[in-house]
Amino acid sequence: PKTMILMVVAVGCGLGASFMTSRYLAQQSRQPAEEAKVTVLVAKQKVSPWVLIKEPEQYFELKEIPESAAPKRALKGFDEVRNQRLSKSLSEESYISQDDLLSKEQAGLSGSLKPGQRAIALKVTIDASVAGFVLPSSRVDVVSTLRNGDPVAQIILQDMEVLAVDNTATRDPSQPNIVGTTVTIAAKPEEVQRLALASSQGELRMVLRPLGDN
């Protein structure tokens, strides 16, 4: 009888242990796997649009979040936003994505200007713009012709960059010339003054420079 009792107890313990083990494994299988996490940039403070972000560590910090919570095209490192500008303002704790960066199209003509440069538009005729062969990204000299008294012509500026012809700011390889009425060039403030004075006193002409001739 004692042996039978011990056998029954042993079998009962084994069945109980087996039941608890299977129940535990079933519960574990029903629990979702831990979601993968990613590191993204988050604003530490309000960031205004159009501000040049030279030191992104001043405005942003790295934060680890679940992958499902990360926005599409989220930026994941400081170098991705360094020397960039935002197209809209960001509030504190906001994520930043590639879509928040200011593109060249959004920046417009001002985005192609270098520090210290200004854009000035000059009225031209077809002969003053070299029959329309002065195109965006061309390099030109500017000749001023004065007709008051003795006619005088002189080159007042050299190696100037053309930003746009009329409202066309990019060069189309299939269009070898553009017959426009205005040419916009990049100039320093003192050069802008010289151009404004010369255009009020006489006629301005563009002289096309060869490629690479600086």
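Now for a look at the structure at hand. Residue numbers run consecutively from 1 along every chain, following the written order of its sequence. The model is predicted, so local features are restricted to residues of pLDDT at least 70 and side-chain atom pairs to those at 80 or more, both for listing and for counting; the totals for chains, interfaces and linings are taken over all residues. Heavy atoms from the whole structure form the basis of all side-chain values; hydrogens and water molecules are not counted.

**Regarding the overall build of the protein chain**
Here a strand is any run of E in DSSP of at least two residues, a helix any run of H or I of at least four, and the numbering for each starts at the N terminus. Looking only at helices and strands, one finds three helices and seven strands in the protein chain. Reading the protein chain from its N end, one meets helices and strands in the order α-β-β-α-β-β-β-β-α-β. For the radius of gyration, the atom set is restricted to C-alpha positions; the globular benchmark scales as 2.2 Å times the number of residues to the power 0.38. Relative to a compact globule of 214 residues, whose C-alpha radius of gyration would be 17 Å, the protein chain shows 35 Å and is clearly more extended. C-alpha extents for the protein chain along the principal axes are approximately 140 × 40 × 25 Å. Counting all 214 residues of the protein chain, 29% fall into the buried class. Pairs at least 24 residues apart make up 65% of the contacts formed inside the protein chain by residues separated by at least 6 positions. Counting only carbon and sulfur atoms, one obtains 54% of the accessible surface of the protein chain, whose full area is about 14200 Å². Counted as positive: Lys and Arg. Counted as negative: Asp and Glu, with His and the chain ends omitted from the count. By convention, the charge on Lys lies at NZ, on Arg at CZ, on Asp at CG and on Glu at CD. Within the protein chain, one finds 25 positive and 25 negative side-chain charges whose respective centroids are separated by 6 Å. Burial here depends on accessible area, computed with a 1.4 Å probe over protein chains only, as a share of the maximum for the residue type. Under 20% is buried, over 50% is exposed, and the range in between is partly exposed. Residues are treated as being in contact if the distance between any of their heavy atoms lies within 4.5 Å. Exposure was quantified through the Shrake-Rupley algorithm and a 1.4 Å probe, taking into account, for residues, occlusion by the shown protein chains and nothing else.

**Notes on the pairing of strand E4 (residues 139-146)**
Across the eight residues of E4, six count as buried, placing the element largely inside the fold. At least two DSSP bridges between two strands are required for those strands to pair. Relative to strand E5 (residues 152-165), E4 is paired through seven bridges, and the arrangement is antiparallel. Bridge pairing links Thr-145 to Ala-153 in E5. Counted between consecutive antiparallel strands, the loop separating E4 from E5 contains five residues, among which Gly-149 sits at a positive phi close to 75°. Both E4 and strand E7 (residues 202-208) contribute to a ladder of seven bridges, which runs antiparallel. By the bridge assignment for E7, Thr-145 is matched with Glu-203.

**With respect to the pairing of E5**
Pairing geometry for E5 and strand E6 (residues 182-187), over three bridges, is antiparallel. Across the sheet, residue Val-162 finds its bridge partner in E6, namely Ile-185.

**Re the sheet that holds strand E3 (residues 118-123)**
In spatial order, the strands read E3-E6-E5-E4-E7; together these five strands make up an open sheet with antiparallel pairing. Single-partner strands in this sheet number two, and they are E3 and E7. The mean angle between the axes of side-by-side strands here comes to 45°, regardless of whether they run parallel or antiparallel. Axes here mean lines fitted to C-alpha atoms, for a helix over just the part in contact, with angles spanning 0 to 180 degrees between N-to-C directions.

**Focus on the side chain of Asp-100**
Position of Asp-100 relative to the elements: it lies in the loop between strand E2 (60-66) and helix H2 (104-107). Residue classification places Asp-100 among the buried residues on the basis of a relative accessible area of 7%. Distance and chemistry together define a polar contact, namely a pair of N or O atoms within 3.5 Å, with one atom able to donate a hydrogen and the other to accept it when in protein, and with adjacent residues in sequence counting only for side-chain atoms on both sides. A polar contact is formed between the side chain of Asp-100 and the side chain of Lys-88, at a distance of 3.3 Å. Of note is the side chain of Asp-100, whose polar atom sits 3.0 Å from the backbone nitrogen of Ser-97. When near neighbours in sequence (up to four residues on either side) are disregarded, Asp-100 contacts Arg-85, Leu-86, Ser-87, Lys-88, Leu-90 and Tyr-95.

**Structural notes on the nonpolar core**
Joining through side-chain atoms within 4.5 Å is the link that ties buried Ala, Val, Leu, Ile, Met, Phe, Trp, Tyr and Cys residues into a set, and such a set is a nonpolar core. If you look at the biggest cluster of nonpolar residues, it comprises 21 residues, and the most contacted ones within it are Val-142, Ile-185, Leu-195 and Met-206. Breaking this core down by element, the ones donating at least two residues are E3, E4, E5, E6, helix H3 (189-201) and E7. The element best represented in this core is E5, accounting for five residues. Contact partners of Val-142, with chain neighbours within four places excluded, come to Gln-154, Ile-155, Ile-156, Leu-157, Met-160, Ile-185, Leu-195, Leu-204, Arg-205 and Met-206. Of all hydrophobic cores here, the second largest spans 13 residues; its members include Val-47, Leu-75, Val-81 and Leu-86.

**Comments concerning the environment of Pro-49**
By the element assignment, Pro-49 lies in the loop between strand E1 (37-43) and E2. On the basis of relative accessibility, which here comes to 31%, the residue Pro-49 falls in the partly exposed class. In this structure the C-alpha to C-alpha distance between Pro-49 and Ser-89, which are 40 residues apart in sequence, comes to 4.9 Å. Dropping the residues within four chain positions of it, Pro-49 is found in contact with Leu-86, Ser-87, Lys-88 and Ser-89.

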